[in-house]
Amino acid sequence: MRDDPRLPTSPGFWRSPLRGPWFTSVLGVVLLVGITVLFVTGLVSYAAYNPDLSPVNDKTPDKGILGFYLFAWPTHPHWLYRLNQGVHVTLGITLVPVLLAKLWSVVPKLFALPPARSLAHALERISLVLLVGGGLFEFVTGVLNIQLDYVFPGSFYPLHFYGAWVFIAAFVAHAVLKTPRALRNLRHLREGREGEEDGLVSPRPAEPTVSRRGALWFVGGGALLLFLTTVGQCFDSLRRTALLAPHGGADPGSGPNGFQINKTAAYAGIDPAEIGPDAWRLVVTGRTGTVRLARAQLAALPLHSSALPIACVEGWSTSDQWWRGVRLRDLAALVGYDGDPPDLFVESLQRRGAFRHAALSAGQVADPRSLLALYVNGEELSPDHGHPARVIVPAAPGVLNTKWVARMTFGDL
Ligand SMILES: Nc1nc2c(c(=O)[nH]1)N[C@H]1C(S)=C(S)[C@@H](COP(=O)(O)O)O[C@H]1N2
Ligand SMILES: [Mo]
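Keep in mind the model is a prediction, meaning the values are calculated, not measured.

## As for the domain arrangement of the protein chain
Each assigned domain of the protein chain is listed with its residue range as follows: domain 1 (11-241) and domain 2 (272-410). Just the C-alpha atoms count here: the centres of domain 1 and domain 2 sit 38 Å apart. Domain 1 puts 30 residues into the contact, and the matching count from domain 2 is 33 residues. Interface of domain 1 and domain 2: buried area, both sides summed, is about 2,400 Å²; carbon and sulfur atoms make up 54% of it. Contact with domain 2 buries area across many residues of domain 1, yet Thr75, His78 and Arg82 alone supply 26% of it, more than any other trio. For the pair domain 1 and domain 2, the number of links is 0 salt bridges.

## Things to note about empty space enclosed by the protein
Following the criterion strictly, the structure yields 3 cavities of 30 Å³ or more and no others. For the largest cavity, the calculated volume is near 600 Å³. Only α1 (21-48), α2 (80-94), α4 (119-148) and α5 (156-190) provide two or more residues apiece to the lining of the largest cavity. A volume near 50 Å³ is recorded for the second largest cavity. For the second largest cavity, the full set of lining residues is Tyr49, Val56, Asn57, Lys59, Ala354, Phe355, His357, Ala358, Val399 and Leu400. Taken together, the residues that form the lining of the second largest cavity break down as 7 nonpolar, 2 polar and 1 charged. For the lining of the second largest cavity, the domains that each give at least three residues are domain 1 (11-241) and domain 2 (272-410).

Reading the values: the criteria
- Residues numbered from 1 in each chain as written.
- Chains lettered and ligands numbered in written order.
- Predicted model: local features only at pLDDT ≥ 70, side-chain atom pairs only at ≥ 80, totals over all residues.
- Heavy atoms only, no water.
- Domains from an automatic or database assignment.
- Contact = heavy atoms within 4.5 Å.
- Buried area = accessible area lost by both parts, 1.4 Å probe.
- Salt bridge = Lys/Arg side-chain N within 4 Å of Asp/Glu carboxyl O.
- 1 Å grid on protein atoms, 1.4 Å probe; cavity = no way out; pocket = protein on both sides within 12 Å on 5 of 7 lines; lining within 4 Å.
- Points joined across faces, edges and corners; volume = space filled by probe spheres on them.
- Helix = DSSP H or I, 4+ residues; strand = E, 2+ residues; numbered from the N terminus.
- Nonpolar A, V, L, I, M, F, W, Y, C, P; charged D, E, K, R; others polar.

This is the structure we're talking about:
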């Protein structure tokens, strides 16, 4: 079976002259750097939700020691989450061709016989299954979550989070085993020598139709194309170039409220009557009891402005918008917290959906740029952006910027 070139278990079955240590090593080194950045930005993104503050912020409550690294998410610089998530998603999409080319370059090894020559070899191959499976799983779940949003009803976060840990364990093992050889191979190349043979070079190569460099340009060109058609989703002025960004969502139109909309009021089940001036009251609770405020009473409190972006976990973000509203810490003072404000639990009018409530840390509440916004870019908030009032906090993920706020409860969580 090993020698029948009609079967993929035979080395002779694989005929591309491109396969070899050099091609695999170049792609491997690119992925070593790129995937490390993806992993770190992914963990950081989870920390940005402040999952330990409240169960409502935590999409993977059974994380156990995998949350060892969590830290209190800062409010400076105000574009922190925008940068982190822009890098995570844009880089993840850009690396897709590199990942596919890397897997293609080593596919003969998947079929190589015997399955294991020794215990060490068996362990290495098991780690490869986790590596390839885990890598594909992370890329597929990430892309599907962005593009199709709700194919994972409520469960994208745990899949992507636990998948990342399985994958990274295999990745570290693989990198420790292979990086020295990959770097040696690249050095040999510069010295004009062939890399070390590792069962990748075809024993009966077909005529080349493209050089190895040409193939690398092809992969790099594909990555560049994905980058250029994705990165625009992080900038208002480039948004039209983001051909690969999710489409079919609400059209934000133009004007002061003309920026990206995550979920419309209609989608969230917000009845126009309940956000009207007669029906809507903000209920604020704290140490000294409960205060109920109509929109006009809120608007008569001292108002402040901050220029802050909306930055979604899905990678898109807006440029800074001018929000105007009441400081969260001023609302805390209304209910008995004059000095240092405590944590805050925010609830929306929305009745269903994972993002209808969120917890903010005391540090986020204390920041003078954190607002319960009533206006944006000089105009009333539109219903789709959270009218009558929404939370906006510097450096925080979009999910903490609750829209259609109905109730705010101050107190240590
Ligand atoms: N009530 C409520 N608030 C919400 C959401 C939601 O689904 N319901 N989505 C959040 C998410 S995930 C993001 S990214 C931002 C988007 O705000 P925008 O639609 O004004 O751009 O709103 C946040 N606030
Ligand atoms: Mo979001």
